[in-house]
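Here is what each chain is made of, one letter per residue.
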Amino acid sequence: MASIETTEQIMNKLRVTVARLGITTIRNLFALFAAAANDTSEAQQISNEEFVGVLMKAHIHLSTYDEASVIKAYKVDDLNVNYMKFMDDLSPPLSEKRENAVKELFSLIQKRSNQENADVILYTDLKAFFDPAQHPDVKMGRLVKNAAQQQMEAAFAGIQNAKDEISLDKFKQYFRGVSSGYPFRL
């Protein structure tokens, strides 16, 4: 008789699948979930059907049991899933060195933007610092500048709050899905 897997075991299988598909899968998932949510609220949720649809678009296929287990683990209510919590659990953590570099970048954007609130940066300021030509995938010829710009905008569209602010935690979430090159003008 086959044993029933725990949600953590299913998430481990998903991490292996994502690693096999490549680092761009994490970035693509962030962008696909943000586009499916189609809002800039703090809710960061989509319907169960949209959730499964995003995974399928990213070529991540789950059994019916695994799908139900993941939806149950990340459900907000009977109809919606918190995709950001799912992504947090799916994405590999930043190394200490990388997390410090991301914090430095966040602080530098704050300083150059003359932010009064030390806990956030503005999305509009972030966009002004983004340089798609410096994106690692553009430098390697795997992505054109316009596509890199669209990916960044899609990824942050689901992260900023209603006041156009991005917290350090949300900023770090973005960099968990981006390779080590920093595509910003500093």
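Refer to the structure presented above.
Remember, it's a predicted structure, so these values are computed and weren't measured experimentally.

K.L.:
Describe the overall build of the protein chain, and please don't skip the residues or the numbers.
P.N.:
Secondary structure assignment for the protein chain yields ten helices and four strands. In the protein chain, the order of α-helices and β-strands from amino to carboxyl end is α-α-β-α-α-β-α-α-β-α-α-α-β-α. Burial statistics for the protein chain: of 186 residues in total, 45% are counted as buried. Here the contacts in the protein chain between residues at least 6 apart in sequence split such that 70% fall between residues at least 24 apart. As displayed, the protein chain has an accessible area near 10000 Å², and 52% of this comes from carbon and sulfur atoms.

K.L.:
Describe in detail the pattern of salt bridges, supporting the description with residues and values.
P.N.:
Taken as a whole and assessed by the stated rule, the structure comprises eight salt bridges. A salt bridge links D66 to K13; the nearest nitrogen and oxygen atoms lie 2.9 Å apart. Here D66, found in helix α4 (residues 64-74), pairs with K13, found in helix α1 (residues 7-21); they are 53 residues apart in sequence, far enough to count as distant. Using a relative accessible area of 7% as the deciding quantity, one classes D66 as buried. Notably, a salt bridge pairs K85 with D89, separated by 3.4 Å at the nearest N-O pair. Note that K85 and D89 are positioned in helix α5 (residues 83-90) at a spacing of four residues, about one turn of the helix. In this structure D89 comes out as partly exposed when scored by relative accessible area, which is 27%. Salt bridges sharing partners connect three or more residues here, namely E99, K103, D169 and K172.

K.L.:
Break down the side chain of S47 for me, with residues and values.
P.N.:
With respect to the element layout, S47 can be found in strand β1 (residues 45-47). Residue S47 is classed as buried on the basis of its relative accessible area of 16%. Those residues within four positions of S47 in sequence are excluded, and the remaining contacts are L79 and N80.

K.L.:
I'd like to hear about the packing of α1 against α4, residue by residue, with values.
P.N.:
Between α1 and α4, whose axes approach to 10 Å, the crossing angle comes to 110°. Judged by the angle between their axes, α1 and α4 are roughly perpendicular. Contacts between α1 and α4 pair T7, I10, M11, K13 and L14 from the former with Y65, D66, S69, V70, A73 and Y74 from the latter. Residues belonging to the contact of α1 with α4 are distributed by class as follows: seven nonpolar, two polar and two charged.

K.L.:
Any details on the packing of aromatic side chains? Residues and values, ideally.
P.N.:
All told, the structure shown has six aromatic pairs when counted by the stated rule. On the basis of an interplanar angle of 15° and a centroid distance of 5.3 Å, the ring pair of F33 and Y83 is categorised as stacked. In this pair, F33 is assigned in helix α2 (residues 24-37) and Y83 in helix α5, connecting sequence segments 50 residues apart. You can call Y83 buried: its relative accessible area is 1%. Ring geometry for F33 against F86: centres 6.1 Å apart, planes inclined by 80°, an arrangement best described as edge-to-face. Taken as a pair, F33 in helix α2 and F86 in helix α5 lie far apart in primary sequence, 53 residues in all. When its relative accessible area of 0% is taken as the criterion, F86 is described as buried. Ring pairing ties together the aromatic residues F33, F51, Y74, Y83 and F86, which thus form one cluster.

Procedures and definitions
Residues numbered from 1 in each chain as written. Predicted model: local features only at pLDDT ≥ 70, side-chain atom pairs only at ≥ 80, totals over all residues. Heavy atoms only, no water. Helix = DSSP H or I, 4+ residues; strand = E, 2+ residues; numbered from the N terminus. Buried < 20%, exposed > 50% of the residue type's maximum accessible area, 1.4 Å probe, protein only. Contact = heavy atoms within 4.5 Å. Areas by Shrake-Rupley, 256 points an atom, 1.4 Å probe, with all protein chains shown as cover. Salt bridge = Lys/Arg side-chain N within 4 Å of Asp/Glu carboxyl O. Axes fitted to C-alpha atoms, helices over the stretch in contact; angles between N-to-C directions. Parallel < 35°, antiparallel > 145°, perpendicular 65-115°, else oblique. Nonpolar A, V, L, I, M, F, W, Y, C, P; charged D, E, K, R; others polar. Phe/Tyr/Trp six-rings, centres within 6.5 Å; stacked < 30°, edge-to-face > 60°.

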